[in-house]
Amino acid sequence: MVVRSAEAGTGGRRPRAPRTGPFEAVVYVHGMGSQRRYEETSRLIDRLDDYVNGRQGGSGAVGTLSAIEARVEPLLPERTDTIGYIETRYSDGTNTSPTRVRFYEAYWAPVMARTSSAVSVARWLFRQPLRPWKTMTAPWRERQRLRRATLVSQFERRRPGTSDITRAEYAALLELYDEFEGPTQRRAHEKGSFAQFLGLIEDRTKNPVEKARLVHLAKAWRRAYWLEELRNVVVLATMALALVLLGGALVLSVLAVLTTALDLATVTELLSAAGAPFRADLPTALGVAGSILGLIGFTGFLTRYLGDVEAWATYEETEAKHVARATTLKEAIKVLSHVLGPDSDCTRVTVVAHSLGCSVAHDALLALARRNRAHAGDPARTVRFEKLQHFVTMGSPIDKIEYFFESYSARSHRYKRVVENLRGDIGSPPFCQVGDTPWIHWVNYWDEGDIISGALHSPACARPGRARIDNVQVASFHFPAPGASHSAYFDHERVIGDMFEMIYRRKHAFDPAPGAGTPDDYEGLDFGPGETPVSRGWWQALGLLTPWLSLAGVAAWVLPRVLAAPCPGGSLCGAALDRADLEAWLRPAALVLWSSAAVIALFLLIAWTFSKLAGHRKPIPDNR
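The following refers to the structure shown.

Reading the values: the criteria
Residues numbered from 1 in each chain as written. Predicted model: local features only at pLDDT ≥ 70, side-chain atom pairs only at ≥ 80, totals over all residues. Heavy atoms only, no water. Helix = DSSP H or I, 4+ residues; strand = E, 2+ residues; numbered from the N terminus. Expected span 1.5 Å × (residues − 1). Buried < 20%, exposed > 50% of the residue type's maximum accessible area, 1.4 Å probe, protein only. Salt bridge = Lys/Arg side-chain N within 4 Å of Asp/Glu carboxyl O. 1 Å grid on protein atoms, 1.4 Å probe; cavity = no way out; pocket = protein on both sides within 12 Å on 5 of 7 lines; lining within 4 Å. Points joined across faces, edges and corners; volume = space filled by probe spheres on them. Nonpolar A, V, L, I, M, F, W, Y, C, P; charged D, E, K, R; others polar. Pairing = 2+ DSSP bridges. Axes fitted to C-alpha atoms, helices over the stretch in contact; angles between N-to-C directions. Contact = heavy atoms within 4.5 Å.

On to helix 6 (residues 167-181), then. In this model helix 6 runs 21 Å from its N-terminal to its C-terminal C-alpha over 15 residues, within 8% of the 21 Å that 1.5 Å per residue would give. Among the 15 residues in helix 6, 11 count as buried, and that is most of the element. Here helix 6 has its buried residues at Glu169, Tyr170, Ala171, Ala172, Leu173, Leu174, Leu176, Tyr177, Asp178, Phe180 and Glu181.

Attention now moves to the pattern of salt bridges. Taken as a whole and assessed by the stated rule, the structure comprises 27 salt bridges. Ionic pairing is found between arginine 494 and aspartate 498, a salt bridge with its closest N-O pair at 2.7 Å. Of this pair, arginine 494 and aspartate 498 are both found in helix 18 (residues 493-505), four residues apart, which corresponds to roughly one turn of the helix. Here arginine 494 falls in the partly exposed class, since its relative accessible area comes to 27%. Between arginine 617 and glutamate 531 there is a salt bridge, with its nearest N and O atoms 3.0 Å apart. You can see arginine 617 sitting in the segment after helix 21 (579-614) and its partner glutamate 531 sitting in the loop between helix 19 (519-523) and helix 20 (537-563), a full 86 residues away along the chain. Residue class for arginine 617 comes out partly exposed when judged on its relative accessible area of 30%. According to the relative accessible area criterion, glutamate 531 is buried, its value standing at 11%. One network of salt bridges, in which partners are shared, links Glu73, Glu87, Arg100 and Arg102.

The final tally for this structure, using the stated rule, is five cavities of 30 Å³ or more. In this model, the largest cavity occupies a volume close to 140 Å³. Forming the walls of the largest cavity are 19 residues, and the residues nearest its centre are Val152, Glu156, Tyr170, Ala467 and Arg468. Looking at the lining of the largest cavity, the elements with two or more residues in it are helix 5 (144-157) and helix 6. Residue classes in the lining of the largest cavity are distributed as 11 nonpolar, two polar and six charged.

Quick look at the sheet that holds strand 7 (residues 441-447) now. Within the open sheet, the eight strands sit side by side as 2-3-4-1-5-6-7-8. Their pairing is mixed. Two strands close off the open sheet at either side, each with one partner strand: strand 2 (64-74) and strand 8 (470-474). Each neighbouring strand pair of the sheet contributes to a mean axis angle of 20°, computed without reference to strand direction. Here five bridges tie strand 6 (residues 388-394) to strand 7, and the two strands are oriented parallel to one another. Considered in strand 7, the bridge of valine 392 is made with valine 443. Contacting strand 1 (23-29), strand 2, strand 3 (82-91), strand 4 (99-106) and strand 5 (346-354), helix 1 (residues 39-54) runs over the sheet at an angle of about 150° to strand 4. Where helix 13 (residues 322-340) meets the sheet, its contacts fall on strand 1, strand 2, strand 3, strand 4, strand 5 and strand 6, and the angle it forms with strand 4 comes to roughly 160°.

A word on helix 18. Side chains that are three or four residues apart share a direction in an α-helix, a result of its 3.6 residues per turn. Under the 1.5 Å per step criterion, the end-to-end length of helix 18 is 17 Å for 13 residues, consistent within 8% with the ideal 18 Å. In terms of residue burial, helix 18 counts as a mostly covered element, since 10 of its 13 residues are buried. Buried within helix 18 are the following residues: Val495, Ile496, Gly497, Asp498, Met499, Phe500, Glu501, Met502, Ile503 and Tyr504. Taken from the residues just after helix 18, arginine 506 is the one with a positive phi, measuring 60°.

With that settled, the discussion passes to the layout of surface pockets. Its boundaries defined by the atoms lining it, the second largest pocket holds a volume of some 1,400 Å³. Thr314, Tyr315, Glu316, His322 and Arg325 are the residues nearest the centre of the second largest pocket, which is lined by 35 residues in total. Listing elements by their share of the lining of the second largest pocket, those giving two or more residues are helix 3 (118-127), helix 4 (131-137), helix 13, helix 14 (356-374), helix 15 (398-406) and helix 16 (413-423). For the lining of the second largest pocket, the element with the most residues is helix 13, which contributes six residues. Residues of the lining of the second largest pocket, tallied by class, amount to 15 nonpolar, four polar and 16 charged.

Here it is in structure tokens:
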């Protein structure tokens, strides 16, 4: 970590013993990949340091960070092990006693190492495009969190059809949907269809105007759900098609090179002398293509990154990969228990997570809440959630993990209710403390160019309440570059500035409760909705169009041979169509389609290049 603060860092010295006395803490949970211990946490501190230094010497000065040092202390509560942390001191220029903030890291990368092979991850990946078909064919009663997430999105973002929905109407729909899933309605309406849900609305609502209004909103809710699923079908099918086309092009290219090379007598003689079993056939081409993918890092990407997702998303306890998930969860719980436990001198905690670490942190907090319920009344075995005020997520895939892996159907409604009640949501501890009073301010930063991230709605309460996720949209680049956008939150002035306010200045906290405690009081502390940049959807639309143009070109090139092939009876299936005529019409069309795909791909490449040269749209100012 580079230190540019008023006091020097540790350099090559050994970590010092911990300072005694009260302190505040940040627990950082890193994302997927092969991170090194403390590397991601150091990057976060560097960016906060950059933010503070970049605002020195002007009216916008926010103070100074100093004494950034690495230290170790006994791991609580047993004290039989140690835990490292990085301590910082913050002074705003007025306080005589600087604020001490310690940064801890929930490090889980080694747990997920080598849990999956590239082949198993590829198979798992190609099963995912089937998910929309399963959700669309499920009864309206099923997959409750997905249905509720759509309604929450409609209400919070004021989408078409529900732009004028009131909080009372939103609450009424949530309550009716919860009743619809209950045992009484399951017996009365066994199929659980949307039509039966409308029937429940009509039975429970006596006021004709209110009834018509709720029916209208329910239909808009279902329409939004179907549109979202159709979008998912297009996106997932396009991604699968792109992978197939790229893989096929690579294999065919290798096959062509092998055929050309093996036609050369010199190459054939060399291979024969070396005893190399190379032949110009499909198995050899597949083997060479796999080696090429390994050399360029594609197989490593599958195992190191998507392999982490596959292992973490293994919820079946009978699966071997679930052991890695359970161990990862324990690592996060261990660090959180250290600072939230009753023996700790920590007075306030902020949890910060990136990428897959957001899901790890979220599940760890819910697991700790279950542990608190189990040991209620035993202070020595519970954690003090009142210390935790902010939960910050960046590039979070929580909604996507819910969509692809946590959403399920079961024959027993009791089983689903047991799972949901044990799991908890943001309407229960630790996110709410007394009743539905929000306690933790959950701030989620997402970027339209980051396909892993998104506004989060699936953790919403099953019943209406005041707790909600503060979704903040940012746009790091002009062009939606998925990889760069996913890691660019650490370089975004808005994101780091907001985090600085939360970590060091306790801003936008729900404790003490704002105002008179009405819903709008809590929403007044939100950072969101964030930026509203010009939509980059048309860039994405062009990207989605390219594989389909390529596929259409392949179909146009192959179709003449298919239609002019002899039928089993010996005659031509396309007797009225001569193969030469077909080729005269379709081969030029294929060339046009391929040329269009190539032009679009080139245009996207140029746009991506210019965006990369332009750099981050809102970088942290450098005042060195």
